[in-house]
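Descriptive analysis of the structure
Each chain, letter by letter, is given below.
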Amino acid sequence: MGGPDAFHPDLSDTTPARHRVHHVRAGDLDGGTSQTGGMQRFAAISGGTVGSDKLWMGETHVDPGVASANHHHGESETAIFVRSGHPEFVFHDGVEEVRISTEPGDYIFVPPHLPHREENPDPAEPAVVVIARSTQEAIVVNLDRLYPL
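Keep in mind it's a predicted model, so treat the numbers as computed, not measured.

Focus: the pairing of strand β6 (residues 88–92)
Two faces make up the sheet, and in a regular strand the side chains alternate between them. The element β6 is extensively covered by neighbouring structure, given that four of its five residues are classed as buried. Looking at chain direction, β6 and strand β7 (residues 97–101) are connected through five bridges and run antiparallel. Residue pairing across strands places V90 opposite R99, the latter belonging to β7. With antiparallel pairing between neighbouring strands as the criterion, β6 and β7 make up a hairpin whose turn holds four residues, including G94 at a positive phi of roughly 100°. In terms of strand pairing, β6 meets strand β9 (residues 116–120) through four bridges, oriented antiparallel. Of the residues in β9, the one forming a bridge with F91 is H116.

Following this line, the structure appears as structure tokens:
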């Protein structure tokens, strides 16, 4: 074999965990992450699960007929993929409350520091979304309301 190149870098001087693919099985998601009332978050990719430095990814589950508490995610940009159910994402645009209804396959982007909540109006089916955040851990700031008085 030849020396290191673009396809075969020299990894002998680095921490092995940072230079390997990690497989997180669906049944191994970590529920020990920041939580908000009315929903459950599960980490798949985080500093604690795989040693990531800049990325957090996981799932959020909202039971039928439940609304989460109001919250925001600090400096994190949040990308959401609706895996199942028909969750609604609610925020205040400075004038009025805005509600976005979704279906499986839809994507949602939540900007940093934007107060919002997730609701699942379906009386029978849970809503499950996949979340990716631009910070290494799930920042969660729970709030009393969506907007200041």
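Additional details are given in the paragraphs that follow.
Considering the nonpolar core
Core analysis: the biggest nonpolar cluster contains 10 residues, these being A43, W56, I80, V82, F89, I108, V110, V129, I131 and A138. Those elements that place two or more of their residues in this core are β5 (78–84), β8 (107–110) and β10 (127–133).

Looking at the pattern of salt bridges
Using the criterion set out here, one finds six salt bridges in the structure. The salt bridge partner of E97 is R117, with a shortest N-O separation of 3.4 Å. Within this pair, whereas E97 is found in strand β7, its partner R117 is found in strand β9, the two being separated by 20 residues in sequence. Among the residues examined, R117 registers a relative accessible area of 14% and is labelled buried. The network of salt bridges with shared partners includes E88, E97, R99, R117 and E119.

Structural notes on the sheet that holds strand β2 (residues 56–62)
Spatially, β1-β2-β10-β5-β8 is the arrangement adopted by the five strands of the open sheet, whose pairing is antiparallel. The open sheet has two edge strands with one neighbour each: β1 (40–45) and β8. Taken pair by pair, the neighbouring strands of this sheet meet at an average axis angle of 25°, ignoring direction. Across six bridges, β5 lies against β10 in antiparallel orientation. Bridge assignment links T78 to a residue of β10, and that residue is R133.

Things to note about the environment of I131
Inspection of the secondary structure assignment puts I131 in strand β10. Residues in contact with I131, not counting those within four places in the same chain, are W56, M57, G58, T60, T78, A79 and I80.

Considering the side chain of H73
Assignment of secondary structure puts H73 in the loop between β4 (70–72) and β5. In terms of polar contacts, H73 uses its side chain to reach the side chain of H71, at 3.4 Å. A distance of 3.2 Å separates polar atoms of two side chains, one belonging to H73 and the other to R133. Contacts of H73, omitting those with residues within four sequence positions, involve R41, T78, H116, R133, I139 and V140.

Some points on the packing of aromatic side chains
Taken as a whole, this structure holds one aromatic pair when the rule is applied. Arranged with centres 5.0 Å apart and planes meeting at 55°, the rings of F81 and Y107 form a pair that is tilted. A residue pair is termed long-range when its members are at least 10 positions apart, and F81 in strand β5 and Y107 in strand β8 qualify at 26 residues. With a relative accessible area of 63%, Y107 lands in the exposed category. One residue, R133, lies across the ring of W56, its end atom 5.1 Å from the ring centre.

Procedures and definitions
- Residues numbered from 1 in each chain as written.
- Predicted model: local features only at pLDDT ≥ 70, side-chain atom pairs only at ≥ 80, totals over all residues.
- Heavy atoms only, no water.
- Buried < 20%, exposed > 50% of the residue type's maximum accessible area, 1.4 Å probe, protein only.
- Helix = DSSP H or I, 4+ residues; strand = E, 2+ residues; numbered from the N terminus.
- Pairing = 2+ DSSP bridges.
- Core = buried A, V, L, I, M, F, W, Y, C linked by side-chain atoms within 4.5 Å.
- Salt bridge = Lys/Arg side-chain N within 4 Å of Asp/Glu carboxyl O.
- Axes fitted to C-alpha atoms, helices over the stretch in contact; angles between N-to-C directions.
- Contact = heavy atoms within 4.5 Å.
- Polar contact = N/O pair within 3.5 Å; in protein donor to acceptor, adjacent residues only side chain to side chain.
- Phe/Tyr/Trp six-rings, centres within 6.5 Å; stacked < 30°, edge-to-face > 60°.
- Lys NZ or Arg CZ within 6 Å of the ring centre and 35° of its normal.

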